[in-house]
Amino acid sequence: MIETKNILELFKPIVKEVLESMLKEEREIYLENNPPTKGNGFYERDLKTAFGELTAIRVPRTRDNGFKSALLPYRKRITEDLDALIRAMLISGMSTRKIAEVLKELYEIKISYANISRISQVGIEEIQKWRSRPLMEEYAVVFLDAMVFPIKRDRVENESIYVAIGITPEGRREILGYYLPGGMESAYNWREILLDIRERGVKQIHFIVSDGLSGMKNVITEIYPHAKYQPCVVHVMRNILAKVRVQHRNIIATEIKEVFHAKDKQEAEQLFMKFIQKWKNIYPNLMNNLLTIRENIFTYMELPEGIRSMVYTNNALERLFKELKRRLKTMEMCQSEASAEKYLYLLLRYQNEKFLKRKLKNWEYYFQLYREQHSYTKENIHSEVIL
């Protein structure tokens, strides 16, 4: 369990970044309303908040010294007031009217709805800046999956929230992006997401792991033709067990685990065909469906044994989704797409900071072995992308 103190420390730079952007927008509004004056740089101020002390906040100045921020209180110490306002703008999708009421109640300051709208928009711009940030050229593995959560548009309906996580050759995990295109999960939406990832600089992905969504393999082949596709083994196992009778589940679960834990691809394929032959008369349709994914189901076996278990499932995303659902559950639903975007930004950016702080154990060593076995060099990256 992560201590609350550590969580607040990770949020501090995000809060500071958003606050400074809002302060600059406040000054722009002041300059528009006072044409004779101009901006005059910044001064620095520390601020005590519920996130801890924010140091060296860049507060804008004007030449006439007339600009005073409505977001920063004049008193030296502030408790949760400012934090509540910033989090409200970022997370809850509050209306400009409600924000105006909060400002008036907390600070006895009146700001027009139009100006509040402009200031709160800066938070959205910060989110978009992070979501469109450049990515690395090469990722060893990219995991793709979606979770379902109710979002309100004209009415409340379940929608898919898409998330992509990458592992670098050095073994650091990174959240590449999250997306709310609308509707339920589809290969078409994943195609658009992979295009976005490619446009942000990713030239080479060695392995892509996803569930067994229809059309997924074709989409991956189109956007990253040299990436190796691995259906998530956990999804495959769940699908099998959901379609067999209760009295067969334990033995089938044991046998299919033996297949996926085989020492090499040859042994795995032998056990797989033995499994198919044993159960094909009882579950012919299920066994035929399994045969259709045989070509890709053992892709992970091309990696050294030391890191195979980190690749053949979407467990990293499953755990992330469990945490997201736990936190989002208190909201019951997202009041709009914008509020969902803001809440996901805070949660996923925080999680991304955690991911980047540590490497997966032994990953770099084993993945380097894989690259050497396949005569792979960094120079190959540029020749493997089809634009």
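These figures come from a predicted structure and were not determined experimentally. Counting restarts for each chain, with residues numbered from 1 along the sequence as it is written. Per-residue local features are limited, in this predicted model, to residues with pLDDT of at least 70; the limit for side-chain atom pairs, both in listing and counting, is 80 or more; totals at the level of whole chains, interfaces and linings are taken over all residues. Side-chain metrics in this entry use all non-hydrogen atoms of the structure; hydrogen atoms and water are not considered.

## Digging into the overall build of the chain
A run of H or I in DSSP counts as a helix once it spans at least four residues, and a run of E counts as a strand once it spans at least two, with each numbered from the N terminus. A count of helical and extended segments in the chain gives 15 helices and 7 strands. Each residue gets one of three labels from its accessible area relative to the maximum for its type: buried under 20%, exposed over 50%, partly exposed in between, using a 1.4 Å probe on protein chains only. Residues classed as buried in the chain amount to 49% of the 387 residues present. Working rule for contacts: check all heavy atoms of both residues, and any pair within 4.5 Å makes them a contact. Considering only residue pairs separated by 6 or more positions, the chain has 68% of its internal contacts joining residues 24 or more positions apart. Note on areas: Shrake-Rupley, 1.4 Å probe, and residue coverage restricted to the protein chains presented here. When the accessible surface of the chain is totalled, it reaches about 19,900 Å², and 48% of it is carbon and sulfur.

## Describing the pattern of salt bridges
Criterion for a salt bridge: a side-chain nitrogen of Lys or Arg within 4 Å of a carboxyl oxygen of Asp or Glu. Overall, the coordinates contain 13 salt bridges when judged by the stated rule. As a salt-bridge pair, Glu138 and Arg371 come within 3.6 Å of each other at their nearest N and O atoms. Separated by 233 residues along the polypeptide, Glu138 in strand β3 (residues 138-152) and Arg371 in helix α15 (residues 363-373) bring together distant segments of the chain. Note on accessibility: Glu138 and Arg371 belong to one class, buried. Each of Asp154, Arg155 and Glu157 takes part in salt bridges that share partners, so that together they form one network.

## Here we look at the confidence of the model for the chain
Residue-level confidence of the predictor, termed pLDDT, takes values from 0 up to 100. The pLDDT averaged across the chain works out to 82; a share of 78% of its residues lies at or above 70. Considering each helix and strand of the chain separately, the mean pLDDT is smallest for helix α2 (residues 81-92), with a value of 52, and largest for helix α5 (residues 187-199), with 96. Contacts from residues 75-80, a stretch scored under 50 in pLDDT, to residues over four places away or in other chains number 13 contacts. Low confidence marks residues 381-387, where pLDDT is under 50. Its contacts with residues over four positions away, or in another chain, come to 17 contacts.

## Things to note about the sheet that holds strand β7 (residues 228-231)
In this scheme, strands are said to pair when DSSP sees at least two bridges between them. Overall, mixed pairing links the 5 strands, which are arranged β5-β4-β3-β6-β7 in an open sheet. If you trace the sheet from one side to the other, it starts and ends with β5 (173-179) and β7, each paired once. Sheet twist, expressed as the average angle between the axes of neighbouring strands with direction ignored, equals 25°. Note that strand β4 (residues 156-167) and β5 share 6 bridges and pair antiparallel. If you follow Ala164 over to β5, its bridge partner there is Gly177. Convention adopted: a line fitted to C-alpha atoms gives each axis, helices being fitted over their contacting stretch, and angles between N-to-C directions are expressed from 0 to 180 degrees. Contacts from helix α6 (residues 216-223) reach β3, β6 (204-210) and β7 within the one sheet, and its direction differs from that of β7 by about 160°. Of the strands in this sheet, β3, β4, β6 and β7 are in contact with α15, which crosses β3 at around 120°.

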